[in-house]
Amino acid sequence: MQSTKSEIVIIGMLLLTSICVAIISLHFGRFTIAINDIFLLLKSFFDKNTLYPETVKTVILNIRLPRILAAFLVGGTLSLTGAAYQGMFRNPMVSPSILGVSAGAGFGAALGILLALQGFWIQTLSFLFGIGAVLVVYSLSLVTGRKYDKNLTLILSGMIITAVFTALISILKIVADPNNTLPAIEYWLMGGLSGVQLGNLQYIAILSFAGLLFLSLSGWKLDILSFGDEEAKSMGINVRRLRFTVIIIATLLTASAVSISGIIGWVGLLVPHIARMLIGPKNVVLLPASFLIGAIFLLIVDDFSRCISSIEIPLGITTALIGAPFFIFILLKTSKKV
Amino acid sequence: MKKYILIVSICFYTFVVHAKQITDMAGRTVKVPDHIKKILAYDSKTSIMMFRCAGSKLVAKGMLPGKKTYSLISSDYTKIPDVDVKNLEEILAIAPEIIIIGVYLPENLDDYTSLQSKLNIPVVLIDLSIEKLDKTYTFLGKLLENEVECKKYSNYLSTIYTDIQSLMKAKPLSGITAYYCLGVDGLMTDPSGSKHTEVFDFLKIKNAAKVEIPSGGHVKVNMEQILVWNPDYIFAAEFKGETNPYKTILTSPTWAGLKAVKNKHVYKIPSQPLTWFDHPPSINRIPGLIWLCEIFYKQSPETTKAKIIEFYKLFYGYTLTDEDYKQLRS
């Protein structure tokens, strides 16, 4: 009972930290805004007569707020699905893209950019191809995996389909106009949140909170699954259905995240480990903790991406460059404790 | 076997045909046939520059993937067969006597020298720097023995350059900045110093995008940075037909705070047959210069129109109708 209480405290602290980081991030950006102006803007919501510079409203509400919400949701979602997959596959090296969702989504987006579609349709194509790729992987594993270990065939099928979609992306890059289309595809594949609009975030917000709730509540089943398929079955869990549900939810979440942010590696692989070091392996608490740590991590990394230079640094670069030393630090710190 | 015979015959050809020594625009000494009859223009920036003055001597043009349809240009250009120059055997199969490549001098020339020795076909470099295009035509005239025709082009360009200089002297700009807008959402740009925004540099218009990391090509920036730069003028490039960030810029509340949007100084860059700014940075930048003179240096719209119509006629072999011109400028 004691441990449960401390776990709740940790989650509470993480929630508080993530909100604080989000609010502080509102202050960071290339456009210098006095804190005073931010308060004036806040005050104007209650007192219509408050005067504040118009650009402050544009920068805070139209540019920074959508980005911060997106970083929160995308970071959280990728880490949540990473943690769920690592639990389900009983493999710590698994990331949310293991079943081909990122490669599929990347192909969809590249296709959309090549066809010169509007932002919304690029996002939709990316989402649909992400889900499509995983469906192919899942059916492939059903067909091939009768005799072999289910997890192994799933991961292998994922690798096959990822390879196919990566090759297809390369084909699109070859035919893309190198003056305009090719750099746009490259930037998309490197990930970034600069094009995010508030209106695009409602679906991922609903999906990720619903997913968070559902996965966390089924966390105890994933705990039992960690003993092995047979053991889980003997304890009355329908392993096949559980696996299918987790894959469906994780895919929906990852595809919606990737479709707005582009491909961001690392987060889904790294953050669950940090969460596990902090709160232990119990999925009921590990999953929400992963979500919150992922959100905090991506918020900080995105702050760097948009502030460090007048050129926007793609998130794929900053997550790796900031994530790697951070991970080494955590590893060193925890190894000393033991 | 076929290719072997081909290579031998090309070598034989180069030795037997009478050759003269010339110095190309980069100062390299190159041996070329006395009377050149088969030319490969290495890429689109070179072929667009010389298809009119080379005529039927231009047997092929190197092409990058992407744009394939052109309008407002003589069909003579589109009829020239495309060749994938990355595949050297394809070049050999065409067996050009010389390869002409447009460069921006000064530039590292090692790649061209190694291309020449690999193919054993003389590579002649011409300068595509925006301020020297008249001299390039004089050079081409001599090389292709077509000096009368090329004189027309170089004369036209010299007049344009002189006119621009006197316009700039008459009314120097004071700190006006412009932002070159690329991509679906307009968040890609070419910063100052890039080949793609030389039209600004040439006309002494300050490029709003100043970045710490010097870059030759496109960079991605975020909206806040554009607000910091707060350009006076915005020029939006068409992104493959329908998608032009121009509409977004004018309607989105995010862009509304910029000086350029408030003063309605947002322009769509004409893009047929090639954009007036870059892509490729070649002769197609000249109408861009003429157009910007109207916007920034008070050149009369009538003069602009006359000059641009003459340009299309001379360099693209196409007579612009009033309707075409209106469409271009819309």
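Residues numbered from 1 in each chain as written. Chains lettered and ligands numbered in written order. Predicted model: local features only at pLDDT ≥ 70, side-chain atom pairs only at ≥ 80, totals over all residues. Heavy atoms only, no water.

To continue, consider the overall build of chain A. The helix and strand tally for chain A stands at 14 helices and zero strands. Secondary structure of chain A in N-to-C order comes out as α-α-α-α-α-α-α-α-α-α-α-α-α-α. Computed over the C-alpha atoms, the radius of gyration of chain A is 21 Å, within 12% of the 20 Å expected from 2.2 N^0.38 for a compact globule of 338 residues. For the C-alpha atoms alone, the extent of chain A along its principal axes is close to 70 × 60 × 40 Å. (Helix = DSSP H or I, 4+ residues; strand = E, 2+ residues; numbered from the N terminus. Rg over C-alpha atoms; globule rule 2.2 N^0.38 Å.)

All names here are of chain B. Relative orientation of the contacting elements helix 7 (residues 147–170) and helix 13 (residues 301–316) amounts to 155°, with a least axis distance of 11 Å. The angle between the axes of helix 7 and helix 13 places the two elements in the roughly antiparallel class. Considering how the two elements wind past one another, helix 7 and helix 13 form a crossing that is left-handed. Packed against helix 7, whose contacting residues are Lys152, Tyr153, Tyr156, Leu157, Ile160 and Asp163, the element helix 13 presents Lys307, Glu310, Phe311, Leu314 and Phe315 at the interface. Looking at the contact of helix 7 with helix 13 residue by residue, the class counts come to seven nonpolar, no polar and four charged. (Axes fitted to C-alpha atoms, helices over the stretch in contact; angles between N-to-C directions. Parallel < 35°, antiparallel > 145°, perpendicular 65-115°, else oblique. Left-handed = near helix turned anticlockwise from the far one by under 90°. Contact = heavy atoms within 4.5 Å. Nonpolar A, V, L, I, M, F, W, Y, C, P; charged D, E, K, R; others polar.)

All right, on to the pattern of salt bridges then. Applying the stated criterion to the full structure yields 21 salt bridges over all chains. Across the pair lysine 45 of chain B and aspartate 43 of chain B runs a salt bridge whose closest N-O atoms are separated by 2.8 Å. On the accessibility criterion, lysine 45 of chain B (16% relative accessible area) is buried. Residue class for aspartate 43 of chain B comes out buried when judged on its relative accessible area of 14%. Salt bridges here are not isolated pairs; linked through shared partners, they connect Arg64, Arg67, Asp302, Asp303, Arg306 and Glu312 of chain A together with Glu224 of chain B. (Salt bridge = Lys/Arg side-chain N within 4 Å of Asp/Glu carboxyl O. Buried < 20%, exposed > 50% of the residue type's maximum accessible area, 1.4 Å probe, protein only.)

Taken together, the contacts link 33 residues of chain A with 32 residues of chain B. Carbon and sulfur atoms supply 58% of the area buried between chain A and chain B, which totals about 2,900 Å² over both sides. Here chain A is connected to chain B by two salt bridges. For glutamate 224 of chain B, the salt bridge is made with arginine 306 of chain A, and the minimal N-O distance between the two is 3.9 Å. At the surface where chain A touches chain B, the tally comes to 10 residue pairs in polar contact (both at pLDDT 80 or more). For the side of chain A that touches chain B, the secondary structure elements donating two or more residues are helix 3 (54–88), helix 4 (101–114), helix 6 (150–175) and helix 7 (181–190) of chain A. With six residues, helix 3 of chain A is the single largest residue contributor to the side of chain A that touches chain B. Residue classes in the side of chain A that touches chain B are distributed as 16 nonpolar, 11 polar and six charged. (Buried area = accessible area lost by both parts, 1.4 Å probe. Polar contact = N/O pair within 3.5 Å; in protein donor to acceptor, adjacent residues only side chain to side chain.)

On to the environment of leucine 152 of chain A. Tracing the backbone shows leucine 152 of chain A in helix 6. A C-alpha to C-alpha distance of 8.9 Å links leucine 152 of chain A and serine 141 of chain A, two positions 11 residues apart in sequence.

The subject of this paragraph is the confidence of the model for chain B. Model confidence for chain B is summarised by a mean pLDDT of 88, while 91% of its residues fall at 70 or above. Here the predicted complex scores 0.83 on pTM and 0.78 on ipTM. (pLDDT = per-residue confidence, 0-100.)

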